[in-house]
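Architecture and fold: a report
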Amino acid sequence: MLLLNFAFSIVYVINVDGDIDAGTYQYISRGINIAEKNGAELIIKLNTDGGSLEYTNRIVEKIENSNIKIVTWVAPKGAHAFSAGVFILLSSDIAIMADGTTIGACQPVYIESGRIVPAEEKVQKAYAAKLSSIAEEHNRNKTAAYMFVMENLAVSDNDAINMKIVDMKANSMKEILNYLGEDRAIYIQREVGEKFRSLITDPMISYLLLSLGTLLLIFGLLSPGIYPESIGTIM
């Protein structure tokens, strides 16, 4: 009797396109949990300007302590992984870039009164050492990793390959699946709650809400009535 085996191997994919924040952390964590539960690999397709240091640290810790292979792919062509995105890329088991992509520019900054302010030197050195350590652990160029933070270095895909910062280049999911020896990619979409968390934790949105709340409180104190100041207090 002839038996046909239609079994195929899968890899899960999440698409991180935007800031690294609370919602992104929740999304990546859920993706890792799903992949771990099913004994599959996870691909993080990445295009980001950076984001929160707090949630970057949490994501890196989640990646480093996972029991599956995690691939981070900076894509599509023209995409970039700046700042927090580099921490995610270099902490992954396999780091991939598409043609025409850029990574780097990791100097930590803060937002104060709506202005972007560079972090003090001791903070910069701490994160430079952290990124350098991550790179070394994954047999990547730790000197370049240090320069990403201290000198705000940014490099192209070709330079990243030549400097041994990333492992390979790929321009399609098919190329990556072939490299991993997998048959099919299953995409995990963002949930509404994750999108909402990203919205309310956006630094500029938070600043605007705080400013609006303050104005409503002032208006309420100067005018009769309860509603404006109540709304301001909630904000």
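Whatever comes next refers back to the structure up there.
Residue numbering note: each chain is counted from 1, following its sequence as written. The predicted origin of the model limits local features to residues at a pLDDT of at least 70 and limits the giving and counting of side-chain atom pairs to 80 or more, whereas totals for whole chains, interfaces and linings rest on all residues. No hydrogens and no water enter the side-chain calculation; it runs on all heavy atoms of the structure.

For this document, the term salt bridge refers to a Lys or Arg side-chain nitrogen within 4 Å of an Asp or Glu carboxyl oxygen. All chains considered together, the criterion is met by 10 salt bridges. Of the charged contacts, one joins glutamate 121 and lysine 125 as a salt bridge, the two residues approaching to 3.2 Å between their closest N and O atoms. With glutamate 121 and lysine 125 both in helix H4 (residues 121–137), this residue pair falls 4 residues apart, about one helical turn. Overall, lysine 125 belongs to the partly exposed group, its relative accessible area being 41%. Across the salt bridge formed by lysine 169 and aspartate 157, the nearest N and O atoms sit 3.1 Å from each other. In this pair, lysine 169 is assigned in strand S10 (residues 168–169) and aspartate 157 in helix H6 (residues 157–162), connecting sequence segments 12 residues apart. Only protein chains enter the accessibility calculation, which uses a 1.4 Å probe. A residue is then buried if its area is under 20% of the maximum for its type, exposed if over 50%, and partly exposed in between. By relative accessible area, which is 30% here, lysine 169 ends up partly exposed. Among the residues examined, aspartate 157 registers a relative accessible area of 6% and is labelled buried. Strands are runs of DSSP state E lasting at least 2 residues, helices are runs of H or I lasting at least 4, and numbering of each runs from the N terminus.

Right, let's get into the packing of helix H2 (residues 53–64) against H4. Here the axes come from fitting lines to C-alpha atoms, over the contacting stretch only for helices, and the angles between their N-to-C directions go from 0 to 180 degrees. H4 packs onto H2 with a crossing angle of 20 degrees between their chain directions and a minimal axis gap of 13 Å. Our classification of the angle between H2 and H4 gives roughly parallel. The handedness of the crossing between H2 and H4 comes out as left-handed. Touching Leu53, Asn57, Val60 and Glu64 of H2 are Tyr127, Lys130, Ile134 and Glu137, all from H4. A class-by-class count of the residues in the contact of H2 with H4 yields 4 nonpolar, 1 polar and 3 charged. Throughout, the term roughly parallel applies to angles under 35 degrees, roughly antiparallel to angles over 145, roughly perpendicular to angles from 65 to 115, and oblique to all others. The handedness criterion is simple: a crossing whose near helix is rotated anticlockwise from the far helix by less than a right angle is left-handed, and one whose near helix is rotated clockwise is right-handed. Contacts are assigned to residue pairs with any non-hydrogen atoms lying within 4.5 Å of each other. Note on residue categories: nonpolar means Ala, Val, Leu, Ile, Met, Phe, Trp, Tyr, Cys or Pro, charged means Asp, Glu, Lys or Arg, and polar means any other residue, Gly included.

A word on a nonpolar patch on the surface. Taken together, the side chains of Val109, Ile111 and Ile116 define a hydrophobic patch exposed on the protein surface, amounting to about 270 Å² of accessible area. Residue position: valine 109 is located in strand S7 (residues 109–112). What goes into a patch is any residue over 30% in relative accessible area without a salt bridge, connected to like charges within 9 Å or, for nonpolar side chains (Val, Leu, Ile, Met, Phe, Trp, Tyr), within 5 Å. Only the protein chains shown count as cover for residues, and the accessible areas themselves come from Shrake-Rupley with a 1.4 Å probe.

A few words now on unusual backbone geometry. A cis amide bond links alanine 75 to the next residue, proline 76, at an omega of 5 degrees. Here proline 76 lies in the loop between strand S3 (70–74) and strand S4 (80–82). In this structure, alanine 105 takes a positive phi of about 55 degrees despite not being glycine. Tracing the backbone through its elements, the reader meets alanine 105 in the loop between strand S6 (102–104) and S7. A residue is classified by how much of its surface remains accessible, and alanine 105, at 27% relative accessible area, is partly exposed.

This next bit is on the nonpolar core. Core analysis: the biggest nonpolar cluster contains 46 residues, and Ile44, Leu90, Ile103, Leu131 and Ile165 have the highest contact counts within it. Excluding anything up to four places from it in sequence, leucine 131 contacts Val86, Phe87, Leu90, Cys106, Ala145, Phe148 and Val149. For this analysis, a nonpolar core means a set of buried residues of the types Ala, Val, Leu, Ile, Met, Phe, Trp, Tyr and Cys, connected via side-chain atoms within 4.5 Å. In this structure, Val11, Val13, Ala98 and Ala170 belong to the second largest nonpolar core, which totals 16 residues.

A separate point is the sheet that holds S6. Sheet strands associate in pairs through backbone hydrogen bonding, adopting either a parallel or an antiparallel arrangement. In this analysis, strands are considered paired if DSSP registers two or more bridges between them. Ordered by their spatial adjacency, 3 strands build an open sheet running S4-S6-S9, and the pairing between neighbours is mixed. The open sheet terminates on both sides in strands that have one partner only, identified here as S4 and strand S9 (154–156). Recorded for the sheet is a direction-independent mean angle of 15 degrees between the axes of neighbouring strands. Of the strand pairs in this sheet, S6 and S9 are connected by 3 bridges, and their pairing is antiparallel. The residue of S9 that forms the bridge with isoleucine 103 is valine 155. Packed onto the sheet, helix H3 (residues 84–91) meets S4 and S6 and runs at close to 105 degrees relative to S4.

Okay, the sheet that holds strand S2 (residues 41–47) next. What the 6 strands build is an open sheet, ordered S10-S5-S3-S2-S1-S11; its pairing is parallel. Every other strand in the sheet has two partners, leaving S10 and strand S11 (184–188) as the edge strands with one partner each. Two strands pair when backbone bridges link them, and S3 and strand S5 (residues 94–97) are joined in this way by 4 bridges, in the parallel orientation. Looking across to S5, one finds that valine 71 is bridged to isoleucine 94. The sheet strands contacting helix H1 (residues 22–37) are strand S1 (10–17), S2, S3 and S11, and the helix crosses S1 at an angle near 180 degrees.

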